[in-house]
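# Architecture at a glance
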Amino acid sequence: MYFHHVHPKLDHYTSLKPDDFERAIDLVLRLVGPAVDPAVLATFSCSLKLKGPTVLITFDDGYRDNLEYALPILERFGIKAIFFVITGKVVQFPQNNLDSCKEYMTWDELRDMHKFGHMVGAHTLSHPKLNMLSVKDAQREIEESIFDVEKQIGSSPIHFAYPYGIIPQEEPNLPIGTLAFGTIKAQACSWAKKNHNIRRTYLPTGQLDKWARLCEGWREQWFESQ
């Protein structure tokens, strides 16, 4: 699953209020399956077999409201997540004059999250639509953002998420061990079959009445994809 903002005041289709985010986490754990610790992805191989439907929680972009509002809820559930950050937006110091929904996390904050068991991934340098770039420029956006995270966080492999779920004109050359995540645009299938455009889905803002049915459908979809 992927999220962007968790904020009490932001009214946007990519944002959930903290209470709704907590409800979302509770729902997917009950109706889909337990949460996966991202640490298992450090040694992911096509031979990895899960016994049943599970949930991997991810966040895109690197907004500071993830730290302020989402992280405490994740901790209450005992969940570790992957935070895919736009490395060109990561700041040196907190910008206390900005609301956390407009501010990005710092490398120090991301390093602290990593120390507590969360994973930091790459989400390009500037969040472009990669299919609109030349093959060379798309590769640079991906490659250099992965390098930035590896350098700043000090771990590998670094996993990657495509902005908007849009893949480049040509499949990128990814480092060995790197998994690449898409969105609902990607085909639902086993990671072993397609680990460079792994499908992620989401619970739509303002449509809480549909959430349970979506979760039940994802659980069924897991069994169909195996």
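One structure accompanies this document, and this report is about it. The structure presented is a predicted model; accordingly, all values stated were derived computationally and were not measured. (Residues numbered from 1 in each chain as written. Predicted model: local features only at pLDDT ≥ 70, side-chain atom pairs only at ≥ 80, totals over all residues. Heavy atoms only, no water.)

### Let's talk about the packing of aromatic side chains
Working definition: an aromatic ring pair is given by the centre-to-centre distance plus the angle between the planes. With the rule as written, the count across this model stands at nine aromatic pairs. Aromatic side chains Phe 84 and Phe 181 sit 5.6 Å apart centroid to centroid with 50° between the ring planes, which places their arrangement in the tilted category. Taken as a pair, Phe 84 in strand β5 (residues 82-85) and Phe 181 in strand β8 (residues 180-181) lie far apart in primary sequence, 97 residues in all. Ring geometry for Phe 160 and Tyr 162: centres 5.3 Å apart, planes at 85°, overall edge-to-face. Judged by its relative accessible area of 0%, Phe 160 is buried. Judged by relative accessible area, which is 1%, Tyr 162 ranks as buried. Among the aromatic side chains, those forming a connected cluster through ring pairs are Phe 3, Phe 21, Phe 59 and Phe 83. Here Lys 129 stacks its cationic end above the ring of Tyr 164, 5.5 Å away from the centre of that ring. (Phe/Tyr/Trp six-rings, centres within 6.5 Å; stacked < 30°, edge-to-face > 60°. Helix = DSSP H or I, 4+ residues; strand = E, 2+ residues; numbered from the N terminus. Buried < 20%, exposed > 50% of the residue type's maximum accessible area, 1.4 Å probe, protein only. Lys NZ or Arg CZ within 6 Å of the ring centre and 35° of its normal.)

### A few points about helix α1 (residues 18-31)
Taking 1.5 Å as the rise per residue, α1 with 14 residues should run 20 Å; its terminal C-alpha atoms sit 20 Å apart, in good agreement. Packed against the buried residues of α1 are β1 (2-3), β2 (5-6), β3 (15-16), β4 (58-61), α2 (64-77) and α5 (211-225). (Expected span 1.5 Å × (residues − 1). Contact = heavy atoms within 4.5 Å.)

### Observations concerning the pattern of salt bridges
Overall, the coordinates contain eight salt bridges when judged by the stated rule. Of the charged contacts, one joins Asp 26 and Arg 30 as a salt bridge, the two residues approaching to 2.9 Å between their closest N and O atoms. Of this pair, Asp 26 and Arg 30 both sit in helix α1, four residues apart, roughly one helical turn. The class for Asp 26 is partly exposed, based on a relative accessible area of 31%. In this structure Arg 30 comes out as exposed when scored by relative accessible area, which is 54%. One salt bridge in this structure joins Arg 64 and Glu 103, with 3.9 Å as the shortest N-O distance. With Arg 64 in helix α2 and Glu 103 in the loop between β5 and α3 (107-115), this pair connects stretches of sequence that are 39 residues apart. For the pair formed by Arg 64 and Glu 103, the shared burial category is buried. Among the ionic contacts, a cluster of salt bridges with common partners joins Arg 64, Glu 103 and Glu 109. (Salt bridge = Lys/Arg side-chain N within 4 Å of Asp/Glu carboxyl O.)

### What to know about unusual backbone geometry
Omega for the bond connecting Ser 156 with Pro 157 falls within 30 degrees of zero, at 0°, which places this linkage in the cis form. Within the secondary structure, Pro 157 is located in the loop between α4 (135-153) and β7 (160-161).

### A closer look at the packing of α1 against α5
Two numbers describe how α1 lies on α5: the axes approach to 9 Å, and their chain directions differ by 35°. Handedness of the crossing formed by α1 with α5: right-handed. Contact with α1, carried on its side by Asp 20, Arg 23, Ala 24, Leu 27, Val 28 and Leu 31, involves Trp 211, Ala 212, Cys 215, Trp 218 and Arg 219 of α5 and no other residues of that element. Tallied by class, residues from the contact of α1 with α5 come to eight nonpolar, no polar and three charged. (Axes fitted to C-alpha atoms, helices over the stretch in contact; angles between N-to-C directions. Left-handed = near helix turned anticlockwise from the far one by under 90°. Nonpolar A, V, L, I, M, F, W, Y, C, P; charged D, E, K, R; others polar.)

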